[in-house]
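Breakdown of the fold
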Amino acid sequence: MNMQADALYPKMYLYRRVVQAKLFIDTHYHQPLNLDDIADEAYFSKFHFIRLFKSTYGKTPHQYLIAVRITNAQRLLKSGMPVTDACYTIGFDSLSSFSALFKRLVKQSPSAWQQAELKRDAEIKKAPLNFIPNCFAEMNGWV
Amino acid sequence: MITKLNHVSIFVLDQDSAYDFYVNKLGFKVHTDASMGPGMRWLTVCPPEQPDLEITLMAISEGMMFKQEAATQMRDLVSKGTFGFGVFECNDLLATYEELKAKGVEFTKVPTKEFYGFEALFKDDSGNWFSLGEKAK
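What this report covers is the structure whose coordinates are included nearby. No experiment lies behind these values; they were computed from the predicted model shown.

Focus: the interface of chain A and chain B
Each side of the interface is counted separately: chain A has 28 residues, and chain B has 31 residues. Linking chain A to chain B there are 2 salt bridges. Where E99 of chain B meets K22 of chain A, a salt bridge forms, and the shortest distance between an N and an O atom there is 2.7 Å. Run the count over chain A and chain B and you get 6 residue pairs in polar contact (both at pLDDT 80 or more).

Section: the environment of K109 of chain B
Residue and element names in this part refer to chain B. One can find K109 in strand β6 (residues 107-114). The class of K109 is buried, set by a relative accessible area of 19%. Counting along the chain gives 22 residues from K109 to S131, while the straight-line C-alpha distance between them is 9.1 Å. At a separation of 2.7 Å, a polar atom in the side chain of K109 contacts the side chain of E114.

A word on the packing of aromatic side chains
For the structure shown, the criterion picks out 19 aromatic pairs over all chains. Geometrically, the ring pair formed by Y57 of chain A and Y64 of chain A is stacked, given 6.1 Å between the ring centres and 25° between the ring planes. According to the relative accessible area criterion, Y64 of chain A is buried, its value standing at 13%. Here the aromatic cluster, defined as three or more aromatic residues joined through ring pairs, consists of F21, Y22, F28, F88, Y97, F107, F122 and F130 of chain B. The positively charged end of R69 of chain A is found above the aromatic ring belonging to F92 of chain A, 5.7 Å away from the centroid. Positioned over the ring face of F118 of chain B is K113 of chain B, at 4.6 Å from the centre of the ring.

Observations concerning the sheet that holds strand β7 (residues 117-123) of chain B
Residue and element names in this part refer to chain B. In spatial order, the strands read β5-β8-β7-β6; together these 4 strands make up an open sheet with mixed pairing. The two strands at the open ends of the sheet, each matched to only one other strand, are β5 (84-90) and β6. The average undirected angle you get between the axes of adjacent strands in this sheet is 20°. Bridge analysis of β6 against β7 gives 5 bridges, and the strand direction is antiparallel. Considered in β7, the bridge of T112 is made with E119. Each of β5, β6, β7 and β8 (129-134) touches helix α3 (residues 93-102); the most contacted strand, β6, lies at about 170° to it.

Some details on the sheet that holds strand β2 (residues 29-37) of chain B
Residue and element names in this part refer to chain B. Spatial strand order, β1-β4-β3-β2: 4 strands in an open sheet with mixed pairing. Sheet topology places β1 (7-12) and β2 at the edges, where each strand pairs with a single neighbour. Averaged over all pairs of adjacent strands, the angle between strand axes in this sheet comes to 25°, irrespective of strand direction. Where strand β3 (residues 40-46) lies against strand β4 (residues 54-59), 2 bridges are found, and the strand directions are antiparallel.

Focus: the pattern of salt bridges
Pairing is possible between side chains of opposite charge, provided their charged atoms come close. With the rule as written, the count across this model stands at 15 salt bridges over all chains. When the shortest N-O distance is used, the salt bridge between E98 of chain B and R16 of chain A registers 2.8 Å. Of the two residues, E98 of chain B is situated in helix α3 and R16 of chain A in helix α2 (residues 12-28); the pairing between them involves two chains. Within this structure, K22 and D26 of chain A together with E99 and K103 of chain B form a network of salt bridges that share partners.

Calculation criteria
Throughout, a residue's number is its position along its own chain's written sequence, starting from 1. Labels are handed out in written order, letters beginning with A for the chains and numbers beginning with 1 for the ligands. Local features in this predicted model are restricted to residues of pLDDT 70 or higher, and side-chain atom pairs are both shown and tallied only at a pLDDT of 80 or more, whereas totals for entire chains, interfaces and linings draw on every residue. Hydrogen atoms and water are omitted, and side-chain values are computed over all heavy atoms in the structure. The criterion used for residue contact is that any of the two residues' heavy atoms lie within 4.5 Å. Any Lys or Arg side-chain nitrogen located within 4 Å of an Asp or Glu carboxyl oxygen qualifies as a salt bridge. Polar contact is defined as a pair of N or O atoms within 3.5 Å, subject to the rule that within protein one atom must be able to donate a hydrogen and the other to accept it, and that residues adjacent in sequence are counted only when both atoms are side-chain atoms. Comment: elements are numbered from the N terminus, with helices defined as DSSP H or I runs of at least four residues and strands as E runs of at least two. Exposure categories follow from relative accessible area, calculated using a 1.4 Å probe and restricted to protein chains: below 20% of the type maximum is buried, above 50% is exposed, and the middle band is partly exposed. Stacked, edge-to-face and tilted labels apply to pairs of Phe, Tyr and Trp rings (six-membered ring for Trp) whose centres lie within 6.5 Å, assigned for plane angles under 30 degrees, over 60, and everything in between, in that order. Our definition puts a charge over a ring when NZ of Lys or CZ of Arg is within 6 Å of the ring centre and also within 35 degrees of the ring normal. Between any two strands, pairing holds if DSSP finds at least two bridges. Whenever a helix is involved, its axis is fitted only over the stretch in contact; in every case the axis is a line through C-alpha atoms, and angles between N-to-C directions fall within 0 to 180 degrees.

Read these as geometric descriptors, not functional statements.
Below, the structure written as structure tokens:
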């Protein structure tokens with residue numbers, strides 16, 4: 001089927017390279033990545049790459065990398081990891097720049113966000129029925 | 001006056017596998033994952049840009065909702081690809097198609113220009129199928 005898509009869309013190979021670069025960011029976000037590495041990975045010149053990436057994903061590769069890091073920080077914070085550890089694990093080397101970026105994107109500080117999430121998870125564990133629409137719970141015999 | 005749809009159910013064969021598919025492959029966000037005991041798990045996910053529509057990944061298991069015979073029939077029908085549950089939207093269909101293919105998602109129709117729009121069809125891990133369309137630019 002890939003061959004079929006390739007035959008229909010001659011620019012498919014370009015998409016493939018942009019997507020590979022995106023997947024590269026998705027899996028290597030915690031490493032000290034720079035744009036040249038990512039553009040090289042996709043066999044593009046830097047500026048051509050930024051333009052294509054942005055037209056595909058609506059974000060520059062750098063903006064996208066930050067978004068992936070913050071999303072992964074949220075995942076780690078939700079698992080209970082301390083803010084400082086989460087910051088270094090996702091590839092930031094400064095706690096203050098991590099906190100500032102997190103706050104800008106999530107609209108809450110990392111610790112406030114973490115506390116709220118952990119509190120909600122504890123409440124779900126304690127009283128799951130409060131989080132399930134009653135009709136579904138009744139239909140399944142859970143109440 | 002009804003104002004919104006906020007929950008919709010997709011019936012799945014296995015919730016762990018559906019979690020992997022919808023979260024790790026499609027990139028959806030987990031909204032609520034509440035366990036009520038063995039075989040009783042309320043699992044909802046949301047498309048990344050639609051946090052107020054919860055997709056409930058409902059296990060097809062014998063219980064109050066399904067009698068044994070109905071559960072068996074339903075599992076059979078779902079796995080045979082009987083049900084098309086909806087239309088998803090993306091900003092760039094060729095890129096999304098390429099990414100989901102790379103993640104192992106099975107497509108039954110390559111991106112195709114139709115009179116109503118640019119569309120592909122894919123299946124989830126249970127056999128439910130969906131249309132994937134590109135947002136009009």
